[in-house]
Amino acid sequence: MRTAAIALAIVAVLALIPVLINLQTTSSQANEEASPIAGAPQAGAEGAVGADGQAQGQAQNGAAAGDIGTVTEVDKKFLTSVRQAGLWEIPAGRLAQTNASSEAVKRAGHHLIDGHAKLDQLVREDAKLLGVQIPDQATAEQQEWVRQLKAAKGAEFDKLFANVLRASHGKIFAVIGEVRASTQNDLIRRHARQANQTVLDHMEVLEDTGLVDAETFAEVEAAVTK
Ligand SMILES: [Fe+2]
């Protein structure tokens, strides 16, 4: 009887061994899975992103700590172009609200105002960080486009707006792609990412007006492939 009790106890202990091993394994897996999460500082940093979360999120995606000291002439020209885009597209977007007859053109105008308000703030910040002087005036050509838009109303405005803006966005889009691909400056790379998204959005809302002519696409093609 006593022998039988001892044997039963041994069997019970042996039966528990796989259960204990399994528990041990599960516990160590849980620790392995938990440790990277507990040790990841960026999880907290992302959680702290506020109203300007979009730009800060891009900073994390596009610009880790690295080279922001070297600014080439191409980088400077790029920042200048972004600044000048805002200086004429925001007024153009506002003119769309008063002079356009097409709702799609007015909508495109809103996108221009919103997109360049954000991008202009970013370009002023980045130019300051990089010690780059950026202009306070659009180019003479851009100012002339604003003058033409001011003078146009209704369907004439709609057509002019969609084509002039789609042409200029198409040309700058190609420049941004080159800068995004080739710059060695991390801050400029981040900036190109934001500019790329904004310009793509603007091309799309302009195309959505249904008013962009074949000649405009041909003009852009000739300009970017020469
Ligand atoms: Fe734009």
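Nothing here was measured: the structure is a model prediction, and the numbers come from that model.

A.B. asks: Can you help me understand the overall build of the chain in this one?
C.D. replies: Each helix and strand in the chain was counted, giving nine helices and zero strands. Each helix and strand of the chain, ordered N terminal to C terminal, gives the series α-α-α-α-α-α-α-α-α. Here the chain, with 226 residues, has 29% of them falling under the buried criterion. Across the chain, contacts joining residues at least 24 apart in sequence account for 78% of those joining residues at least 6 apart.

A.B. asks: How do you make sense of the environment of Ala162 when you look at a structure like this?
C.D. replies: Along the chain, Ala162 falls in helix α7 (residues 154-182). With 26 C-beta atoms packed within 10 Å, Ala162 lands in the buried category. Sequence spacing of Ala162 and Ala104 is 58 residues, and the spatial spacing of their C-alpha atoms is 9.8 Å. Beyond its immediate chain neighbours, meaning those up to four positions away, Ala162 contacts Val105, Leu206, Thr209, Leu211 and Val212.

A.B. asks: What is the right way to look at the environment of Asp114 in this model?
C.D. replies: Note that Asp114 resides in helix α5 (residues 103-130). On the neighbour-count criterion, Asp114 (14 C-beta atoms within 10 Å) is partly exposed. Expressed as a C-alpha distance, the spacing of Asp114 and Ile90, which sit 24 residues apart in the sequence, is 8.2 Å.

A.B. asks: I would appreciate a short explanation of helix α9 (residues 214-225) in the present structure.
C.D. replies: Helical geometry note: an α-helix holds 3.6 residues per turn, so side chains three or four residues apart project in the same direction. Here α9 is twelve residues long and its end C-alpha atoms lie 16 Å apart, about the 16 Å a rise of 1.5 Å per residue gives. Of all the twelve residues making up α9, one are buried; the element is thus mostly uncovered.

A.B. asks: Please explain the packing of helix α4 (residues 73-99) against helix α6 (residues 140-151) as it appears in this structure.
C.D. replies: Between two packed helices, the angle of one axis relative to the other and the distance separating the axes together describe the packing. The contact between α4 and α6 brings their axes to 10 Å, and the two run at 5°. With respect to α6, the element α4 is oriented roughly parallel. Contact residues: α4 offers Gln84, Trp88, Pro91, Ala92, Leu95 and Asn99, while α6 offers Gln142, Gln143, Trp145, Val146, Leu149 and Lys150. Here the contact of α4 with α6 is composed, by residue class, of seven nonpolar, four polar and one charged.

A.B. asks: Looking at this structure, I do not really get the confidence of the model for the chain. What am I missing?
C.D. replies: Low-pLDDT stretches of the model should not have their predicted coordinates read in fine detail. For the chain, mean pLDDT is 80; residues scoring 70 or higher make up 71% of the total. Segment residues 16-64 is flagged for pLDDT under 50; beyond a separation of four residues in sequence, or across chains, it makes 18 contacts in the model.

Here is what the cut-offs are and how they apply
- Residue positions are given per chain, counting from 1 as you read along its sequence in written order.
- Totals for whole chains, interfaces and linings use all residues, but because this is a predicted model, local features are given only for residues with pLDDT of at least 70 and pairs of side-chain atoms are given and counted only at 80 or more.
- Counting from the N terminus, the helices are the DSSP runs of H or I reaching at least four residues and the strands are the DSSP runs of E reaching at least two.
- With C-beta atoms placed from the backbone, a residue counts as buried when 20 or more other C-beta atoms lie within 10 Å of its own, as exposed when 12 or fewer do, and as partly exposed for counts between those limits.
- Any pair of residues counts as being in contact when their C-beta atoms, constructed from backbone geometry, are within 7 Å of one another.
- Expected helix span is computed as 1.5 Å times (number of residues minus one).
- Axes here refer to lines fitted to C-alpha atoms; in helices the fit is confined to the stretch in contact. Angles between the N-to-C directions go from 0 to 180 degrees.
- Geometric relationships in this document are graded by angle, where less than 35 degrees denotes roughly parallel, more than 145 denotes roughly antiparallel, 65 to 115 denotes roughly perpendicular, and other angles denote oblique.
- Three classes are used: nonpolar for Ala, Val, Leu, Ile, Met, Phe, Trp, Tyr, Cys and Pro, charged for Asp, Glu, Lys and Arg, and polar for all others, with Gly counted as polar.
- Summary of the metric used: pLDDT quantifies the predictor's per-residue confidence within the range 0 to 100.

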